[in-house]
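Report on the structure
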Amino acid sequence: MAVTEAARTEELCAEAAAAADTTGGTAAAGRAAQELGLKRGEFELAVHLGIVRTTAEQSGGRPRVRREEIDRLRSESGFPDAVRERVRTVGTAEGARLLGISPARFTRLARAGCITPVTFYLNRYRAVVWLYLVQEVLDFAARAPQLLAGNSPVWMRARLDAGTDWRARNWRAQRIERLLSRTEDPWRRAAVLAGVLDPVQLAEVVDDPYERAYLAKVRPEPVFGPPVSVAAREAMAQLMQADDPDEILWRRINLIMELDGARASRQAPRPGDDHRSVPVPAADPLLDPAPGLLARLGLRRRVTGRKAAGNGVPAKTVE
């Protein structure tokens, strides 16, 4: 009898949770993933790739999925295998088998920037293991079959001989572009770019602490929230930061451009504000001239950016 009552209690709790997860015509990420037959990592990747469209709650919080979006995907031909196939990933060994090449050659192609990883995980040694979309791997093979056999071209050998590894940078660039494509809000777009700079770099570009706090607040949040593991959170934070001087400069310039639009649309909230959008008064260029680009970049005192190993971010460990 006790077992039956316990089972009934669990069933009632599950029903209550399901009802709470589908309020207002939207479903929480966990509920949506269950209905779409996707594992947690598959669902996160589907959202990141734009396969599953999400909507932000007006009151803040994590993205949710509209009921219409779930129904649309469930009605597609080949569901659920078709959706899972679009987010199928492979590691180095399986990717090499897919292309009929050695794992060493696959790694060289990825390090040279020919194949861009779409996500990663940490192995038991806390080393980053890159994963690649199957479809992108096949597309690369069809696009550049000459790189799958014979000697590597000169430009590729030069990159590899110099110790260059483009995996993190290309993953970062691809992730940034996809995050930017999912929002039109100028402050959220600026927040995406702000997340690429370390605190020192960010403070040099955005000297207003209230603006920095607002950028941190509106930064897009993963559908399931930040990683639970401390090691995973640290790895994500490390990999998201630009670590090459030319990339840092490029991101700083992009951030300044996005901030111009954000500040023109509304001011960042400050203590005592009523949280409504506050229009920015037009500045008089004669009374308040805009600073030069070098000053706005924080480079007036520095001609070049930091070296890759000197920006306070530990060196990456990848496989």
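Residue indices begin from 1 for each chain and proceed along its sequence in written order. At least 70 in pLDDT is required for a residue's local features to be given in this predicted model, at least 80 for side-chain atom pairs to be given and counted, and no such filter applies to totals for whole chains, interfaces and linings, which use all residues. With hydrogens and water stripped out, all remaining heavy atoms of the structure feed into the side-chain values.

Some words on the overall build of the chain
Secondary structure is summarised from DSSP: a helix means a run of H or I of at least four residues, a strand means a run of E of at least two, and numbering begins at the N terminus for each. The helix and strand tally for the chain stands at 16 helices and five strands. In this scheme, a residue with accessible area under 20% of its type's maximum is buried, one over 50% is exposed, and one in between is partly exposed, where area comes from a 1.4 Å probe on protein chains only. Going through the 319 residues of the chain one by one, you find that 38% of them count as buried. The contact definition used throughout considers only heavy atoms, calling two residues in contact when any of these lie within 4.5 Å. Put simply, 74% of the contacts in the chain that link residues at least 6 apart link residues at least 24 apart.

Observations concerning the pairing of strand β5 (residues 128-133)
Residues in a regular strand point their side chains to alternate faces of the sheet. Taken across its six residues, β5 has six buried, putting it largely inside the fold. Residues Val128, Trp130 and Tyr132 line one face of β5 and the alternating positions Val129, Leu131 and Leu133 line the opposite face, and both faces are buried. Any two strands with at least two DSSP-identified bridges between them are counted as paired. Note: strand β3 (residues 89-90) against β5, two bridges, orientation antiparallel. Of the residues in β5, the one forming a bridge with Thr89 is Leu133. Here strand β4 (residues 119-122) runs beside β5; their pairing, made up of four bridges, is antiparallel. Along β5, the bridge assignment pairs Phe120 with Trp130. The hairpin turn running from β4 into β5, its antiparallel successor, is five residues long, and Arg126 in that turn takes a positive phi close to 60°.

A closer look at the sheet that holds β4
Reading across from one edge, β3-β5-β4 is the order of the three strands in this open sheet, with antiparallel pairing throughout. Every other strand in the sheet has two partners, leaving β3 and β4 as the edge strands with one partner each. Lines fitted to C-alpha atoms define the axes here, with helix axes fitted over just the stretch in contact, and angles between the N-to-C directions of these axes take values from 0 to 180 degrees. Each of β4 and β5 touches helix α14 (residues 230-240); the most contacted strand, β4, lies at about 140° to it.

Observations concerning helix α3 (residues 40-48)
For α3, the complete set of buried residues consists of Phe43, Leu45, Ala46, Val47 and His48. Packing partners of the buried residues in α3 comprise α2 (29-36), β2 (65-66), β3, β5 and α10 (167-181). Directly beyond the C-terminal end of α3, a positive phi value near 85° is found at Gly50.

Some words on helix α11 (residues 186-194)
Buried residues dominate α11, accounting for eight of its nine residues. Listed as buried for α11 are Pro186, Trp187, Arg189, Ala190, Ala191, Val192, Leu193 and Ala194. Packing partners of the buried residues in α11 comprise α10, α12 (199-205), α13 (209-218) and α15 (245-265).

Considerations on the side chain of Glu69
Relative to the elements of secondary structure, Glu69 occurs in helix α4 (residues 67-74). For Glu69, a relative accessible area of 6% translates into the label buried. Glu69 has contacts with Ile51, Val52 and Arg53, leaving out every residue within four places of it along the chain.

Thoughts on the pattern of salt bridges
The term salt bridge refers to a pairing of a side-chain nitrogen on Lys or Arg with a carboxyl oxygen on Asp or Glu at a separation within 4 Å. Inspection of every chain in the model, using the stated rule, returns 22 salt bridges. Asp246 is the salt-bridge partner of Arg169, the closest N and O atoms lying 3.2 Å from each other. Remark: Asp246 occurs in helix α15 and Arg169 occurs in helix α10; sequence separation between them is 77 residues. Given a relative accessible area of 42%, Asp246 falls into the partly exposed group. Note that Asp208 and Arg270 form a salt bridge whose closest N and O atoms lie 2.2 Å from each other. Note that Asp208 is positioned in the loop between α12 and α13 and Arg270 in the loop between α15 and α16 (293-297), a separation of 62 residues in sequence. Residue classification places Arg270 among the partly exposed residues on the basis of a relative accessible area of 36%. In the salt-bridge network here, residues are joined through shared partners; they are Arg169, Arg172, Asp243, Asp244, Asp246 and Glu247.

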